[in-house]
Amino acid sequence: MSDLYLRVRAATGCDVTGRDVAGCEGSGPRPRVRVVVAGAPGAGVGELIGAITGVAPDLEVTGHRPGESLPVAACDGVGVLVIDPSSTPESADVDLVTRLRTEIGTVVLVCAKIDAFWEWPRRLREHRRHLDPDEELPLFAVSAAAALAGAVDESGIDELVSWIVTAGSAPSADRRERMRTGACLGALDAALLAEMSAPPDPGDDTDTLMHRRRLLVASRDRGRTDRLAAVRAGLAGVRAASLADAQTGARALAHAATQRIAQAGPRQLDDHAAWLDEEVRRLGAHIGAVTDDRLDEVAVTALLGIDGGDPRRPGGPSDRARPPAGPGFGPPPAAGRPQPPSGRRGAEDALVVLLGASTGIGLGRLVVAPMASVHTLQWVSMPLTLVIGVAVALWVVGVRRAGARRAELRAWSAEVLAEARATIERGVAAAVTDTESWLTGQIIRHHERRVRQVSADVAALDEQLRGIRAERAGADRQRQARVDELRRLRATAAARMQELWMDGAAAADAGEERRDGPVRTG
């Protein structure tokens, strides 16, 4: 048995080898038995103590209240746990049974108040499954009230007292072994309960790491589609708005050119080309500046939170990479645009002069025809006719040339404006395309970096999780090995306890037969 005690001490830390029953013998013919009665409040501990002392006044019965320490002198006595059939099993009851077995050794379960609760058998089975699942402890059902009322034979108290006296009156060696083995069982039960209900390791942050991993995986590619969709929608809006502004500006400029040509004099007609070039340049610069601002707004929205840069800030992504929208929005270059009309028409001008001269001569003759009847004025008729004809011819030629010049300038202005509008639209399309390529590249590179970083973080978390799980598996194996060892020790101690009780029962039966017949022991 010393080997069992040493193994239990190594496994649980409970040393029972120093416990003894010396000094517990009374002065009478049989030892004075000490009894410790414990139970939950309201279980009937006081009534049971009164009933026991009423039947066996020589027993030393002590009550135990929850939270108090057990009497040291009762280490070789009998512990009685009172079960209340009106209550449900609780963890405090299991702790109390374990304490009684560890500190006293010999323990008996007593269900009191069976006279007050007709369902006590079912409740008693529930309590025993909870307190003594292996059914190793003796079990009694008594009615303390009946014993106190005088019906001792019908209360079951006499059988309980007889068992207590028999257990407490055994030889010192038997009581010592029962006490030590019972203490071993209590210590092993406490150790098993502690191992089975041990809380998880506070340093095990598997749940936290898994939560972080889920967040990282969920955010790995988050926002890419939304950013690209925002870029496409924003750039489509910029393209539509800038083209609408270019169309409106070209239409307004064409109307202004038409009015200017209609109201301009010969000098203004000669300066019309320079004026139109300047206006077209201003229109292109305006459209370029507006388009640039709109593209910056789209870039600010699309690149928000990327690389910590503001596209509109000096040194930001816009100044580093995105091409400005302004260049390419001016008038067509001189080599590529239509040339302004020169005003030289050759044969057409000669024909106009001829028609103007004939018209002037005809009008001159018509004017001087009345003078021909006056003899004194005949000498001036011919020169006057020539003068009037030349004047009329010059006026007709000037008017015709101005009209032709205006018509040519209107056609040339329309052609120049059409070419300028096409150039501006190409500039808008090029700026939008370049910005889209740049923004798309920025977003894709950002998310590629993000994916690489998240993949590295996830790999690091997986490595930590594998290490934690490996440690947990090792700890679980160690705990399972310890539980298996405790269960083997408990099975050995339980077998030893059963053997001690069987040997004690056989010795008691033999002694009773030698004393003229058996005695009822309950």
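Residues numbered from 1 in each chain as written. Predicted model: local features only at pLDDT ≥ 70, side-chain atom pairs only at ≥ 80, totals over all residues. Heavy atoms only, no water.

A. Layout of the overall build of the protein chain. Scanning the protein chain for helices and strands turns up 15 helices and five strands. Taken across its 522 residues, the protein chain has 39% of its residues classed as buried. Contacts in the protein chain between residues far apart in sequence, at least 24 positions, make up 83% of those at least 6 positions apart. (Helix = DSSP H or I, 4+ residues; strand = E, 2+ residues; numbered from the N terminus. Buried < 20%, exposed > 50% of the residue type's maximum accessible area, 1.4 Å probe, protein only. Contact = heavy atoms within 4.5 Å.)

B. Inspection of the pairing of strand β2 (residues 60-64) at higher detail. In the sheet, strand β1 (residues 34-39) pairs with β2 via five bridges, with the strands oriented parallel. Among the inter-strand pairings, V36 is bridged to a residue of β2, identified as T62. In terms of handedness, the path from β1 via helix α2 (residues 45-55) over to β2 forms a crossover that is right-handed. (Pairing = 2+ DSSP bridges. Right-handed = clockwise from strand over helix to strand, strands pointing away.)

C. Main features of the pattern of salt bridges. This structure, assessed with the given rule, holds ten salt bridges. Between E278 and R282 there is a salt bridge whose closest N-O contact spans 3.3 Å. Of the two residues, E278 and R282 are both situated in helix α12 (residues 272-302); the distance of four residues between them amounts to about one turn of the helix. Residue classification places E278 among the partly exposed positions, given a relative accessible area of 30%. Judged by its relative accessible area of 48%, R282 falls in the partly exposed class. Where R426 meets E419, a salt bridge forms, and the shortest distance between an N and an O atom there is 3.9 Å. (Salt bridge = Lys/Arg side-chain N within 4 Å of Asp/Glu carboxyl O.)

D. Spatial organisation of the pairing of β1. Most of β1 is tucked away: five of the six residues are buried. Strand direction decides the pairing type here: β1 and strand β3 (residues 78-83), joined by five bridges, are parallel. Directly across from V37, in β3, lies its bridge partner V80.

E. Representation of the sheet that holds strand β4 (residues 106-111) in the model. If you trace the five strands from one edge of the open sheet to the other, you get β2-β1-β3-β4-β5, paired in parallel fashion. Looking at which strands have only one partner, the edges of the open sheet turn out to be β2 and β5 (139-141). For this sheet the average axis-to-axis angle between neighbouring strands, irrespective of direction, equals 25°. Packed on one face of the sheet, helix α3 (residues 91-103) meets β1, β2, β3 and β4 and runs near 170° to β3. (Axes fitted to C-alpha atoms, helices over the stretch in contact; angles between N-to-C directions.)

F. Expanded view of helix α7 (residues 157-168). Helix length check: α7, at twelve residues, gives a terminal C-alpha distance of 16 Å against a target of 16 Å (1.5 Å per residue), a fit within 8%. Among the twelve residues that make up α7, eleven are buried, leaving the element largely enclosed by the rest of the structure. (Expected span 1.5 Å × (residues − 1).)

G. Structural context of the packing of α2 against α7. Contact geometry of α2 with α7 gives a least axis separation of 10 Å together with a crossing angle of 75°. As far as their axial angle goes, α7 and α2 are roughly perpendicular. On α7, the residues that touch L48, A51, I52 and V55 of α2 are I157, L160 and V161. Split into classes, the residues belonging to the contact of α2 with α7 amount to seven nonpolar, no polar and no charged. (Parallel < 35°, antiparallel > 145°, perpendicular 65-115°, else oblique. Nonpolar A, V, L, I, M, F, W, Y, C, P; charged D, E, K, R; others polar.)

H. Looking closely at the confidence of the model for the protein chain. Considering every residue of the protein chain, the mean pLDDT works out to 75; 74% of them sit at 70 or more. Per-element averaging of pLDDT across the protein chain places helix α13 (residues 317-320) at the bottom with 42 and α12 at the top with 89. (pLDDT = per-residue confidence, 0-100.)

I. Structural detail: the nonpolar core. Counting 29 residues, the largest nonpolar core has V37, L48, L59, V80, L160 and I164 as its most contacted members. No other element matches α7, which puts seven residues into this core. Excluding its chain neighbours within four sequence positions, the residues that come into contact with I164 are V33, V35, L59, V78 and V80. Core analysis: the next-biggest nonpolar cluster, separate from the first, contains 20 residues, L228, I287, L295 and W438 among them. (Core = buried A, V, L, I, M, F, W, Y, C linked by side-chain atoms within 4.5 Å.)

J. Region of the structure containing the environment of R34. Relative to the elements of secondary structure, R34 occurs in strand β1. Judged by its relative accessible area of 22%, R34 falls in the partly exposed class. Remark: the alpha-carbon pair of R34 and G168, spanning 134 residues in sequence, is separated by 7.7 Å.

K. Seen up close, the environment of R482. Here R482 shows up in helix α15 (residues 378-514). C-alpha of R482 to C-alpha of A191: the two residues are 291 residues apart in sequence and 9.7 Å apart in space. Once residues lying within four places of it in the same chain are set aside, the contact partners of R482 are A11, A191 and E195.

L. Broad picture of the environment of A241. Of note, A241 is situated in helix α10 (residues 224-263). Along the backbone, A241 and R294 are 53 residues apart, and their C-alpha atoms lie at a distance of 9.2 Å.

M. Up close: helix α4 (residues 120-131). For α4, with twelve residues, the first-to-last C-alpha span of 16 Å sits near the 16 Å given by 1.5 Å per residue. Next to the buried residues of α4 lie β3, α3, β4 and β5.

N. Main features of the side chain of S155. Note that S155 resides in helix α6 (residues 152-155). In this structure the side chain of S155 is engaged in a polar contact, spanning 3.3 Å, whose partner is the backbone nitrogen of I157. In this structure, S155 is in contact with A141, V142, S143, A146 and A147, ignoring residues within four places of it in sequence. (Polar contact = N/O pair within 3.5 Å; in protein donor to acceptor, adjacent residues only side chain to side chain.)

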